[in-house]
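Structural features, examined
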Amino acid sequence: MRKQGEFYLKLISILLAVVIAAYVLFSVILNSGSSYALETAVYCEVGDGVTVSGFVVRSEEVLVSNAPIVVCELTEGERVGGGQRVATGYQSGSARENREELNSLKKQRDQLAYAAEGSDSSNAAALDGEISGMIVNLAVQTSQQRFSAARATASELEPLVLRRSVSGDDSALIRQRISDIDQRISVLSAQTSTGATAITVAESGYFSEQTDGLERILTPERVETMSLSELRALEEGEYSAPDHAIGRLIQGQKWYFIAEIPQARAEQCEEGDRLTVNFADGALQGLRMRVERIGAAEDGSCVIVLSCEKMLQNVTALRRQTVDIVFDTYEGLRVPKAAIYYVNGETGVYILESARADWKKVEILFEYGNDYLVRWDDSDTDNLWPKDEIILTAEDISDGKVME
């Protein structure tokens, strides 16, 4: 009985293998005999633009210090007020170490004092909710690579976790620890008062740790008159940060981008127009910038100056940049160039409809790569529509032809 079962099992396996092989062979023969291919019409947006290299320009002032050791107190692009400290200068390494320890102790003291206020855990549920919310925000900021925001959230989260973890029994120990820290802070404050110097700014603006020597050369006033030959000379030059520079203060809200573009592209816009500009930075994609100036043509090219009054905090460290300038945006259906036919003075494609070729007239809007973008009129069902199967064939084709 067992041998008979094994026999039937082998027979079924052989029959199944034969069926699969026959199906594969039939598919190969069928496809090899097909004289056409299909491509789906897809709705999309295409930008007509040009890629250029140029310079970011701002109103900026170089910050300097003669201190042997300088430590910046602010992050890149952070807003600073007039009279605010932006960095600290130290006369020696020990003075810097004392300052860092002092700041760490002050932070610890604040966290312990905050934890002591909630040592009875009377608001545990509220704290749990606040901690959970901050953990979610921290995860989102990290995934989006917003590291400055993530650091700020982590700093806020730390004392909350500490406060939630203590109980009433820990209150006396926390107060004793605060007392010990206060004594150490007093000693360090006396030691660092003579070894550290605050570096402040007279006016408000945005702080940047970067300097490149172009702060006094590339100014908003300069780009108003810069010629193409001067811009090219600037691109070929080599520059370095001034002596004792520790960063720069960027003033105002308006910033500029100057670049060389082909004359034909310059003729697509006028001063006062707004163009879409895409920087490499994800936060600066789709930025709308105003055409401030188009310079005189030289050798088939022009200088273009664009301006923006947003996102200045994101460009404080940028100087030489390669960007995409978009002059027009087209919306429609993508059609392969190989699928386009010209019949009786009309432009169109053939789509597969019930195994037959069906003629669809199209209007070409834009050419890019191996495709055209054609107009889509959603008010007319007789036109080409998204998801229509466009026929690609090297053989003769006509409206109503049966496709085999």
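Residues numbered from 1 in each chain as written. Predicted model: local features only at pLDDT ≥ 70, side-chain atom pairs only at ≥ 80, totals over all residues. Heavy atoms only, no water.

1. Quick look at the sheet that holds strand β5 (residues 85–90)
To keep it simple, the criterion reads: Two strands qualify as a pair provided DSSP detects at least 2 bridges between them. Per the convention used, a helix needs a DSSP run of H or I reaching at least four residues, while a strand needs a run of E reaching at least two, with both numbered from the N terminus. In this analysis, axes come from line fits to C-alpha atoms, helices being fitted only over the stretch in contact, and the angle between any two N-to-C directions falls in the range 0 to 180 degrees.
Spatially, the three strands line up as an open sheet ordered β3-β5-β6, and their pairing is antiparallel. The outermost strands of the open sheet, each flanked by one partner alone, are β3 (69–72) and β6 (196–200). Averaged over all adjacent pairs, the angle separating strand axes in this sheet is 25 degrees, with direction ignored. Pairing between β3 and β5: four bridges, direction antiparallel. Opposite Val70, over in β5, you have Gly89 as the bridge partner.

2. Details of helix α7 (residues 228–236)
Threshold: When a residue's accessible area, from a 1.4 Å probe over protein chains only, is under 20% of the maximum for its type it is buried; when over 50% it is exposed; and in between it is partly exposed. Along the arc lie the directions from the helix axis toward the C-beta atoms. Two residues qualify as a contact provided that any one of their heavy atoms is within 4.5 Å of a heavy atom in the partner residue.
For α7, the complete set of buried residues consists of Leu228, Leu231 and Leu234. The arc that holds every buried residue of α7, seen down its axis, measures 120 degrees, which confines them to one face. Buried positions along α7 lie against β2 (42–64), β8 (245–262), β11 (301–308) and β12 (320–336).

3. Notes on the confidence of the model for the chain
Operational definition: Per-residue confidence from the prediction method is given by pLDDT, with values spanning 0 to 100.
In the predicted model, the chain carries a mean pLDDT of 84, and 81% of its residues have values of at least 70. Of all helices and strands in the chain, the one with the weakest mean pLDDT is helix α1 (residues 2–32) (52), whereas β11 scores best (97).

4. Brief notes about the packing of aromatic side chains
Selection criterion: Centres within 6.5 Å are what make two rings of Phe, Tyr or Trp a pair, Trp counting through its six-membered ring; a difference in plane orientation under 30 degrees is then read as stacked, over 60 as edge-to-face, and the rest as tilted. Two conditions define a charge sitting above a ring: the NZ of Lys or the CZ of Arg must be within 6 Å of the ring centre, and it must be within 35 degrees of the ring normal.
Counted according to the given criterion, the structure contains eight aromatic pairs. Put simply, the rings of Tyr43, Trp376 and Trp385 pair up and form one aromatic cluster. Across the ring face of Tyr206, the terminal group of Arg79 is positioned such that the distance to the ring centre comes to 4.9 Å. Positioned above the aromatic ring of Tyr372 is the side chain of Lys337, whose terminal nitrogen or guanidinium carbon lies 5.6 Å from the ring centre.

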